[in-house]
Amino acid sequence: MIKEQKINKEVQAVKMTGGEALLSALEDHGVNTLFGYPGGAIMPVYDRLYDHKEKLNHILMRHEQGAIHAAQGFARVSGQIGVCMVTSGPGATNTITGIADAMIDSTPVLVIAGQVGTKMLGSDAFQEVDLVGITQPISKWSYQIRSAADVPWAVARACYIATSGRPGPVVLDFTKDAQIGTLDYQPTIVDFIRSYVSNPQPQEGSLEQAATLINEATKPFMLVGQGVLLGEATAELEELVKKTDIPVGETLLGLSAMPSAHPNNLGMLGMHGNLAPNKATNLCDVLIAVGMRFDDRVTGNLETYAPQAKVIHLDIDPAEFNKNVRVDVPILGDCKQSLKKLTALCAPRNHQSWIDSLLPYAEEEHRVVCSKELCSTPDGALRMGQVARLVSQAAHDEAILVTDVGQNQMLSSRYFRYTHPRSLVTSGGLGTMGFGLPAAIGAIYGNRQVNHDDKKPVVLMTGDGGIQMVIQELGTIMEQQCPVKMVILNNSYLGNVRQWQEMFFKKRYSFTPMENPDYLKLSDAYGIKSKRVVSEEQINEAIAEMLSYDGAYLLEVCVEKEGNVMPMVPIGGTISDMLLEP
C-alpha cells in the first residue's frame, strides 16, 4: 500500500499536526473550496483551518446534508472534486444521503468526518458511529485514518480514486488523536493502485466491430449519458455525429452533452422524455450507448427494450456491460479516447431520411403536449414547463440549471434549453428531494472555479416540497451573498406523488396537499429579494428583474395545482408506448 505513494523529497519535510497535514494535502491537490459544518470531533482540523483561510475558502452550510449536496453541485459544474467536512456521529450520518446520491450519479466528492479517538473506538463513545462500515457499500473507497503519518497518503489516494475512472464519492473517517498527532509532512501523490485500472484502453477489435455495424446501419441511433460530460468528450461526440449523421437522444444526466439546438439532437430519453427518441430506440437497427447505464427510467420494460437492435456500449466501467441490456459490442475505455478512435473508423454517412421519419413523433408530441405546457391554462394559471422555457429564453439559453426532484425537475429539465456542457445539475439515480438548493450554492462556486465570474446565472428550479427540506440553507445564501436565482414552482402539492395518485390510485390524494409558509416573508427574514407572481401578465417582467438583479433572488411562481408531467411511460411499460395524456 505504501508503494502507491510518490513523496516529493525535494520539498523539505515540515513537522505539523495531522489536522494541518490534511489541509496542506488538500491544497497540494488543488482544492480551494470546502463546504462544511464544525463539531467536537473535527475541531482540531477547524482550528488549523483558521490559518488556512487565504487558500481554503470554507463555506459554512446550515446542515451537513446541505454540505454534501453543495460539494456535489460544485463538482458537477467544475468537473473537479467537491469536498465537505463534518463532525462525527450525526454530523457524519447526515451526509449519507449525499454519498449515496454521488455514488449512483458518479460525482467525485470527498467527505471528511471527525471521529472519536482510537482508544475509544467500539466503546459507544459520545457521537461515535461506524462510518466506514456504513459507507463502504455506497462509496468508491472509505477509510479510517488512525495515525497522523497516514494523512498525506490517505488524502492523495482518496483524491485519485474519486476523480479517476468512473468518478464517485470517497470517505475519510479521521480519528481525533490522528488529528492532533504529529508527522513530518511532505507533498504526496498517488496515481497508481494495484488491481485498480482507472483508464482502460479500448480494444481495437471491439472498435472495428462497432464501426462495421455503424457503417452498415440504415437506422442507427445514439444514446448519450453523463459519461460524455464526465469524460469531457463533448467535442469528440459532436465529431462522430457530424461524420456519421446519427440522431441522438440524451439521458436526464446527459442533457447538455450536445446543444439543444443541434439538428441531430432529438431530446431526452426515458419515462418523461421526448416521444421521438423513445420511438427511435425501438425502431433503430443499431443502438450506440455512450456513457450511460441503461437504468430502468430509460429502458422501461427490459423485455420490450430495443429487441430489434444490435447494441454497442461504450463505458469506462465494465460492470455496466450486460448488467441490464444485452450488449453485442462492448467498448471498455474512457469515451474521450473511444469516441475519437471510433470516429476515425466510421465512414461518412447521410441519415436524413431516417431522421425525417422521426420528426412526425416530435410534431405529435408538440401538438398534444408541448404546445399546451408552454402556455397558460384556459383559466390563466401558469404552467411549470412554461415558466422554465421563459427563464431559459430570458437567460439566452446560457444559464446553469439546478433542479430539485419531482415535477419541477422533469418539466424544467425538459423545457430548458442548453448551449454549453455541464449546464444541468440534478439528482438522477437516487432522486433526492432537498438536493436543489444546496447544490445550487455549490454550483455558484463551481462556476466561479471554471469561469472566474458570476456572469453565467445559476438558476434553481424547485418545488414547494423540496425546498422546505433544506430551507435553512437560505442562511448560507444570506451569509455568503451567494447570487442564486431561485424559482419556486408552487402548486401546493407534492406534485409527482399527486400525479401518480391521480393516474394510478383513483385520485386518492393521501397526504400530498401542502400548506406552505409565506416564502416572501421568509426571504425577507434572510435579507433576500423576492417576488410572487400568479399570472402570465406578471411573469416576464419578474424573470427579467430576477436575472438582472445583482444578488440572490427568490421568485415564487404560483402554478397550476394539478398539472401533470407528460409524456409518461408507466412503470413496467414499453418506452415506445408513451402516454401523451393522463
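Residues numbered from 1 in each chain as written. Predicted model: local features only at pLDDT ≥ 70, side-chain atom pairs only at ≥ 80, totals over all residues. Heavy atoms only, no water.

Participant: How do you make sense of the overall build of the chain when you look at a structure like this?
Facilitator: Counting its regular elements, the chain contains 23 helices and 22 strands. Its C-alpha atoms give the chain principal-axis dimensions of roughly 70 × 65 × 40 Å. Going through the 582 residues of the chain one by one, you find that 59% of them count as buried. Sequence-distant contacts in the chain: of pairs separated by 6 or more residues, those separated by 24 or more amount to 76%. Computing the positive centroid from 49 side-chain charges and the negative centroid from 65, the chain places the two 2 Å apart. (Helix = DSSP H or I, 4+ residues; strand = E, 2+ residues; numbered from the N terminus. Buried < 20%, exposed > 50% of the residue type's maximum accessible area, 1.4 Å probe, protein only. Contact = heavy atoms within 4.5 Å. Lys, Arg positive; Asp, Glu negative; His and termini not counted. Charge placed at Lys NZ, Arg CZ, Asp CG, Glu CD.)

Participant: Help me out: how do you make sense of the domain arrangement of the chain in this one?
Facilitator: Note: interface size is frequently given as the accessible area lost on complex formation between the parts. Here the domain parsing of the chain yields domain 1 (6-189), domain 2 (204-359) and domain 3 (382-558). For domain 2 versus domain 3, the distance between C-alpha centres works out to 30 Å. The partner domain 3 presents 18 residues to the 16 residues of domain 2 that form the contact. Taking both sides of the interface into account, the surface hidden between domain 2 and domain 3 amounts to around 1,400 Å²; carbon and sulfur atoms contribute 60%. Per-residue buried area on domain 2 facing domain 3 is highest for Leu 252, Ser 260 and His 272; these three make up 37% of the total on that side. Our count for the domain 2 to domain 3 interface comes out at 0 salt bridges. Looking at the side of domain 2 that touches domain 3 residue by residue, the classes come out as 9 nonpolar, 6 polar and 1 charged. (Domains from an automatic or database assignment. Buried area = accessible area lost by both parts, 1.4 Å probe. Salt bridge = Lys/Arg side-chain N within 4 Å of Asp/Glu carboxyl O. Nonpolar A, V, L, I, M, F, W, Y, C, P; charged D, E, K, R; others polar.)

Participant: What is the right way to look at the pattern of salt bridges in this model?
Facilitator: Pairing is possible between side chains of opposite charge, provided their charged atoms come close. The final tally for this structure, using the stated rule, is 23 salt bridges. When the shortest N-O distance is used, the salt bridge between Arg 157 and Glu 4 registers 2.9 Å. One end of the pair, Arg 157, is in helix H7 (residues 151-163); the other, Glu 4, is in the segment before strand S1 (5-7), and 153 residues separate them in sequence. Like Glu 4, Arg 157 is buried. In this structure, Glu 20 and Arg 48 form a salt bridge, with 2.8 Å as the shortest nitrogen-oxygen distance. Of the two residues, Glu 20 sits in helix H1 (residues 18-28) while Arg 48 sits in helix H2 (residues 43-49), which places them 28 residues apart along the sequence. Take Glu 20: its relative accessible area is 15%, and that puts it in the buried class.

Participant: Before we go on, may I ask you to explain the pairing of strand S4 (residues 57-60) in this structure?
Facilitator: It is a general feature of regular strands that their side chains alternate between the two faces of the sheet. As paired elements, strand S3 (residues 33-36) and S4 share 4 bridges and run parallel to each other. Looking at the pairing, Thr 33 lines up with Asn 57 of S4. (Pairing = 2+ DSSP bridges.)

Participant: Can you help me understand the side chain of Asn 278 in this one?
Facilitator: Residue position: Asn 278 is located in helix H12 (residues 275-281). Relative accessible area serves as the criterion here: at 0%, Asn 278 is assigned to the buried category. Those residues within four positions of Asn 278 in sequence are excluded, and the remaining contacts are Leu 269, Gly 270, Gly 273, Ile 575, Ser 576 and Met 578.

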